[in-house]
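Listed below are the residues making up each chain.
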Amino acid sequence: MSSKNSDFAALLTRASDAETSADPSSVMTLLADTDGPGGGFTTYRSTFAEGAIGAPAHFHTKATELFFVISGSLRVLVGEEVVVLNGGDFLAVPPHTPHAFAAAPGCTADVLFVFTPGMGRFDYLRLLGSVMRGETDPKKIAESSERYDNHYVDSPVWRDALAAS
């Protein structure tokens, strides 16, 4: 594609060319990871099996994380509230807001995620898949928190929501 604006050239990722990272409960399709002068973005699609836990409670200091549920239902912690997003629902989580997500009880979920600004998060997503498959020590995730702007926190609200299902 040859279209261009002031921040970056148009980017096309064909489904057949997209990298995937699978673990026992989800498949991530890595779509775009840019960090140009306009801030860039990271975009990926995750399909979650029934009962899949997507991410524990965490926040980002620089990025806004966008969620668009393509189909199914996703349970999400936003601050101190747990909400369920259904197919067609959109959520934007600003920096410094604790959040977590999992497939809603009894449901699968297909979700498009976008981070802006981008910062080379594909390596982090690959690391997550490797940890979930038991190939990498989970300590590597904690060690990477500053590099990938993922800061994990304890959330009694989220723990209670998961325990109730």
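Our structure is the block above this text.
A.B. asks: Which parts of the structure should I look at to understand the nonpolar core?
C.D. replies: Note that soluble globular proteins tend to have their nonpolar side chains buried in a common cluster. If you look at the biggest cluster of nonpolar residues, it comprises 27 residues, and the most contacted ones within it are Phe48, Phe67, Leu74 and Phe101. Of all the elements in the fold, those that place two or more residues in this core are β2 (26-33), β3 (42-48), β5 (64-78), β7 (90-93), β8 (99-103), β9 (109-116) and α1 (122-132). Ranked by residues supplied to this core, first place goes to α1 with five residues. Setting aside its immediate chain neighbours within four residues, phenylalanine 101 contacts Phe48, Ile53, Gly54, Ala55, His58, Glu65, Phe67, Leu74, Arg75, Val76, Phe113 and Trp158. Among the nonpolar cores identified, the runner-up in size contains six residues, and Leu77, Ala100, Ala102 and Ala161 belong to it.

A.B. asks: Would you take a moment to explain the layout of surface pockets for this structure?
C.D. replies: Over the atoms, a rolling probe the size of a water molecule traces out where space has been left empty. Considering only enclosed or pocket space, the largest pocket measures out at about 390 Å³ in volume. Lining the largest pocket are 25 residues, and of these Gly54, Ala55, Pro56, Phe101 and Leu128 sit closest to its centre. Counting residues per element, the ones that place at least two in the lining of the largest pocket are β2, β3, β4 (53-59) and α1. When its residues are assigned to classes, the lining of the largest pocket shows 15 nonpolar, seven polar and three charged.

A.B. asks: Teacher, can you tell me more about a nonpolar patch on the surface here?
C.D. replies: Together, Phe68, Ile70 and Phe90 line one region of the surface with nonpolar side chains, adding up to about 280 Å² of accessible area. Here phenylalanine 90 is to be found in strand β7.

A.B. asks: Sorry, what's going on with the environment of leucine 66 here?
C.D. replies: Residue placement: leucine 66 occurs in strand β5. Apart from the residues within four sequence positions on either side, leucine 66 is in contact with Phe90, Leu91, Ala92, Leu112, Phe113 and Val114.

A.B. asks: Just to check I follow, could you spell out the side chain of serine 130 for this structure?
C.D. replies: Among the secondary structure elements, serine 130 is positioned in helix α1. There is a polar contact of 2.3 Å between the side chain of serine 130 and the side chain of threonine 136.

A.B. asks: Explain α1 to me, please; I cannot follow it from the model alone.
C.D. replies: An α-helical turn contains 3.6 residues, so a residue and the one three or four places further along point in the same direction. For α1, every residue scored as buried is listed here: Phe122, Tyr124, Leu125, Leu127, Gly129, Ser130 and Val131. Of the surrounding secondary structure, the elements contacted by the buried residues of α1 are β1 (19-23), β2, β3, α2 (139-143), α3 (145-148) and β10 (151-152). Phi turns positive, to about 80 degrees, at glycine 134, one or two residues after α1.

What counts, and at which threshold
- Residues numbered from 1 in each chain as written.
- Predicted model: local features only at pLDDT ≥ 70, side-chain atom pairs only at ≥ 80, totals over all residues.
- Heavy atoms only, no water.
- Core = buried A, V, L, I, M, F, W, Y, C linked by side-chain atoms within 4.5 Å.
- Buried < 20%, exposed > 50% of the residue type's maximum accessible area, 1.4 Å probe, protein only.
- Helix = DSSP H or I, 4+ residues; strand = E, 2+ residues; numbered from the N terminus.
- Contact = heavy atoms within 4.5 Å.
- 1 Å grid on protein atoms, 1.4 Å probe; cavity = no way out; pocket = protein on both sides within 12 Å on 5 of 7 lines; lining within 4 Å.
- Points joined across faces, edges and corners; volume = space filled by probe spheres on them.
- Nonpolar A, V, L, I, M, F, W, Y, C, P; charged D, E, K, R; others polar.
- Patch = residues over 30% accessible without salt bridge, like charges linked within 9 Å, V, L, I, M, F, W, Y side chains within 5 Å.
- Areas by Shrake-Rupley, 256 points an atom, 1.4 Å probe, with all protein chains shown as cover.
- Salt bridge = Lys/Arg side-chain N within 4 Å of Asp/Glu carboxyl O.
- Polar contact = N/O pair within 3.5 Å; in protein donor to acceptor, adjacent residues only side chain to side chain.

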